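An overview of the molecular structure
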Amino acid sequence: MLTNSTELDILLLLSSIIFFLLYIFFTRNFNYWKRRGVPYKKPLPLVGNFLQVVRLKKNFAEVLAELYFETNVPYLGIFIGDKPALLIKDLELSRNILVRDFQHFTDNSFANRAGNISEYMVPFMKGKDWKLYRKFNTPAFSRATLKSAYFELIIEASNELIEYLDTRLNNNENLINGKKLTEGYSAEMLTSIALGAKGNCFRNENSKILKMAHDLFNFINLKRGISLAAYLLYPKLVNLLKLKLIDPISESEFKKVFFQSVLKRKENENTRQDLVGILMKWRREEREHIELDDEKMVAQAITFFLAAFEGITNVTVMALYELAANLKIQTKLREEIREYLNNSNLTFEAVFSELKYLDMVIKETLREYPPVAVFNRECTIDYRVPTTNFLIEKGTTLFIPSFAIQNDPEYFPNPDVFDPERFSEFNSHKIKAGTYMPFSDGSRSCMGEKIGLTSVKVAVARIIQNYQVDLRDDSQRKMKIDPKAYVLGPDEEKVTFKFKRV
Ligand code: HEM
């Protein structure tokens with residue numbers, strides 16, 4: 001007898017048995033790496049090695065970086081919840097996974113669900129379908145399309161940005177939130193390129209487009225947080241709970257604007273070669289007999305918008321943060337831009353290749369803070385690690401922690417120091433292969449690298465050409481990373497800058 005009541009005793013006994021069975025279930029895989037002779041980090045039930053992520057205290061990439069720096073082994077066994085995964089530290093092995101032996105690792109480990117828009121979104125697609133859709137999308141990401149169609153639209157969005165900053169300063173409002181500013185710029189530009197419409201993101205504070213862009217793929221409430229975490233970390237929950245990857249309200253807003261543009265073009269025979277035009281052409285051609293129905297067509301536009309929005313917003317604000325914290329670098333950059341432009345307008349060539357110091361500043365930003373800070377892959381065919389007896393089993397999730405690698409003092413001395421000179425003509429050859437990959441490597445690397453770099457450079461160049469950007473007096477020297485975001489980006493509350501026309 002445990003208590004004076006038999007009913008209470010039975011209840012206690014039953015709950016202990018249930019608790020014990022649940023414990024056994026959630027820890028059933030915890031011997032996986034021990035059995036395989038792989039060094040591993042001891043996990044906790046339910047959360048694996050990611051308690052800090054579940055408690056929203058740290059970003060996923062930060063926790064992986066801590067694990068990376070704690071260990072000296074080429075690969076470390078870890079646990080995502082109850083699922084074994086492998087953290088790759090060895091550069092040769094990471095290159096094998098991404099490039100040389102890619103045929104064993106063609107998929108990433110994101111969940112996907114039939115009947116959802118993400119079923120046709122390249123970053124979440126698998127196997128042959130992924131390969132086909134990636135190939136068909138190539139024209140939308142080419143240098144030629146960027147130069148002939150998108151560049152002008154990027155410049156138009158940057159004009160809106162400058163107009164907005166001038167208006168705020170004329171009203172004596174010089175404290176401006178950097179994240180909101182760069183979100184406005186990215187949303188304005190992408191609405192023009194991917195939706196063929198005007199976003200009015202700066203003119204209208206309650207812009208529906210801006211809200212849509214922000215909410216598409218963000219942790220805006222607990223339900224969305226659970227959905228995103230499940231897609232990225234607990235795939236089994238996705239089907240069980242019928243979760244959606246893209247926020248349903250934003251998805252329907254996106255579809256409304258996109259199909260209005262398609263309709264207008266059909267009526268006016270408009271042939272503007274932005275993304276809408278490119279997708280309409282793809283639909284007419286029925287490449288390899290694949291019918292690009294409405295859902296598949298809009299999925300390509302959402303992919304473009306989403307992948308670009310997060311990357312461009314975060315890299316631009318992070319570059320501004322480092323320039324504000326390092327005024328000598330900011331002044332040197334302003335001198336380069338002013339000298340080169342000499343009062344003329346920014347050209348594609350200037351941005352793409354000729355402003356060398358600007359390029360170094362953005363490269364260094366991407367080193368210190370790569371927005372896609374971890375690459376994940378799923379082993380699709382068993383793989384024996386060269387020169388060892390260790391077999392990575394089909395179905396194993398692997399993580400390549402680019403944030404940790406790019407901030408490893410062994411490869412980048414004094415990694416916390418923002419130093420664009422690492423990428424100068426004289427120094428860049430010192431960077432070891434496989435240690436710098438903000439856009440990843442191999443067949444699944446970023447499709448929008450050129451578009452992303454060009455858009456970030458246009459915004460940074462125009463801001464620094466015209467304004468002095470300072471940190472607020474109470475800002476920390478080191479930028480605070482948002483623990484709730486799935487990409488690496490700044491905590492929105494901590495990136496308000498002081499702007500001054502110069
Ligand atoms: C500006 C900063 C950007 C950064 C740092 C960045 C980084 C990355 C990285 C690292 C990956 C690959 C992850 C992996 O290996 O698993 C990726 C994938 C991708 N990115 Fe970007 N990206 C940026 C901008 C863009 C833009 C502007 C677009 C579209 C216009 C875009 C479209 C894509 C797509 C479609 C994929 C998926 C590729 C696939 O799965 O085959 N990205 N990005």
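Residues numbered from 1 in each chain as written. Predicted model: local features only at pLDDT ≥ 70, side-chain atom pairs only at ≥ 80, totals over all residues.

- Taking an unreviewed UniProt entry as the reference, the protein is identified by name as Cytochrome P450 belonging to Psylliodes chrysocephalus.

Some thoughts on unusual backbone geometry
- Phi at Lys242 is positive, roughly 50°, even though this residue is not glycine.
- Within the fold, Lys242 resides in the loop between α11 (235-240) and α12 (248-268).
- Of note in this structure, Asn414 is not a glycine but carries a positive phi near 45°.
- Tracing the sequence through the fold places Asn414 in the loop between α18 (402-406) and α19 (449-466). (Helix = DSSP H or I, 4+ residues; strand = E, 2+ residues; numbered from the N terminus.)

Structural notes on the site of the ligand
- Taken together, the neighbourhood of the ligand is formed by 27 residues, with Gly311, Ser440, Cys446, Gly448 and Gly452 sitting nearest.
- At the level of secondary structure, the elements contributing two or more residues to the shell around the ligand comprise α14 (294-325) and α19.
- For the shell around the ligand, the element with the highest residue contribution is α14, accounting for seven residues.
- Looking at side-chain class alone, the shell around the ligand contains 18 nonpolar, seven polar and two charged residues. (Near = placed C-beta within 6 Å. Nonpolar A, V, L, I, M, F, W, Y, C, P; charged D, E, K, R; others polar.)

Observations regarding the nonpolar core
- Residues Leu64, Ala301, Ile302, Leu320 and Val460 are the most contacted members of the largest nonpolar core, which totals 134 residues.
- Ranked by residue count, the leading element in this core is α14, at 19 residues.
- Those residues in contact with Ile302 that sit more than four places away from it in its chain are Ile117, Met121, Ile246 and Phe254. (Core = buried A, V, L, I, M, F, W, Y, C linked by C-beta atoms within 7 Å. Buried ≥ 20, exposed ≤ 12 C-beta atoms within 10 Å, placed from the backbone. Contact = placed C-beta atoms within 7 Å.)

With respect to the sheet that holds strand β3 (residues 175-177)
- An order of β3-β9-β8 is seen for the three strands of this open sheet, with the pairing classed as antiparallel. At either margin of the open sheet sits one strand with a lone partner, and together these are β3 and β8 (467-471). Taken pair by pair, the neighbouring strands of this sheet meet at an average axis angle of 40°, ignoring direction.
- As paired elements, β3 and strand β9 (residues 496-501) share three bridges and run antiparallel to each other. Residue pairing for β9: Leu175 is matched across the bridge by Lys498.
- Its contacts with the sheet place α14 against β8 and β9, and it is angled at close to 85° to β8. (Pairing = 2+ DSSP bridges. Axes fitted to C-alpha atoms, helices over the stretch in contact; angles between N-to-C directions.)

Observations regarding the domain arrangement of the protein
- For the protein, the assigned domains read domain 1 (1-27) and domain 2 (31-501).
- With centres defined by C-alpha atoms, the gap from domain 1 to domain 2 works out at 47 Å. (Domains from an automatic or database assignment.)

Structural notes on the sheet that holds strand β4 (residues 375-378)
- Pairing is mixed in the open sheet, where four strands are placed in the order β1-β2-β7-β4. Whereas interior strands pair on both sides, the edge strands pair on one side only; in this sheet they are β1 (75-80) and β4. Across the sheet, the mean angle from the axis of one strand to that of its neighbour is 30°, orientation sign disregarded.
- Both strand β2 (residues 83-88) and strand β7 (residues 397-400) contribute to a ladder of three bridges, which runs parallel.

Comments concerning helix α9 (residues 208-215)
- Those residues of α9 lying buried are Ile209, Leu210, Met212 and Ala213. The buried residues of α9 all sit within an arc of 160° when viewed along its axis, so they share a single face.
- Considering only its buried residues, α9 is in contact with α8 (178-195), α12 and α14. (Arc of directions from axis to C-beta.)

Some points on the packing of helix α7 (residues 143-170) against α8
- At a minimum axis distance of 9 Å, the contact between α7 and α8 shows a crossing angle of 145°. Between α7 and α8 the crossing geometry is right-handed. Each of Tyr150, Leu153, Ile154, Glu156, Ala157, Ser158, Glu160 and Leu161 in α7 lies in contact with α8, whose residues at this interface are Tyr185, Glu188, Met189, Ser192 and Ile193.
- When its residues are assigned to classes, the contact of α7 with α8 shows eight nonpolar, two polar and three charged. (Left-handed = near helix turned anticlockwise from the far one by under 90°.)

Some details on the UniProt feature "transmembrane region" (unreviewed entry) in the protein
- In the numbering used here, UniProt assigns the feature "transmembrane region" (unreviewed entry) to residues 6-26 and 301-324.
- Helix makes up 100% of residues 6-26 and strand 0%. Its end C-alpha atoms lie 30 Å apart.
- The span residues 301-324 carries 100% helix and 0% strand; its end-to-end C-alpha distance comes to 34 Å. (UniProt positions renumbered as here; feature names shortened; annotations may be inferred.)

Re the UniProt feature "binding site: heme" (unreviewed entry) in the protein
- The residues that UniProt annotates with the feature "binding site: heme" (unreviewed entry) are Cys446.
- Counting through the fold element by element, Cys446 comes out in the loop between α18 and α19.
- Judged by C-beta crowding, with 19 C-beta atoms within 10 Å, Cys446 ranks as partly exposed.
- Residues in contact with Cys446, not counting those within four places in the same chain, are Phe439 and Ser440.

A word on the packing of α8 against α9
- Packing of α8 against α9 brings their axes to within 10 Å, and their N-to-C directions diverge by 105°. The pairing of α8 with α9 is recorded here as roughly perpendicular in orientation. Contacts between α8 and α9 involve Glu183, Gly184, Ala187 and Thr191 from the former and Ile209, Leu210, Ala213 and His214 from the latter. (Parallel < 35°, antiparallel > 145°, perpendicular 65-115°, else oblique.)

With respect to the environment of Met297
- Along the polypeptide, Met297 turns up in helix α14.
- Met297 sits in the partly exposed class, given 19 other C-beta atoms within 10 Å.
- Once the C-alpha coordinates of Met297 and Arg477 are considered, the two residues, 180 residues apart in sequence, prove to be 44 Å apart.
- Apart from residues lying up to four places away in sequence, Met297 is in contact with Leu279, Arg283 and Leu292.

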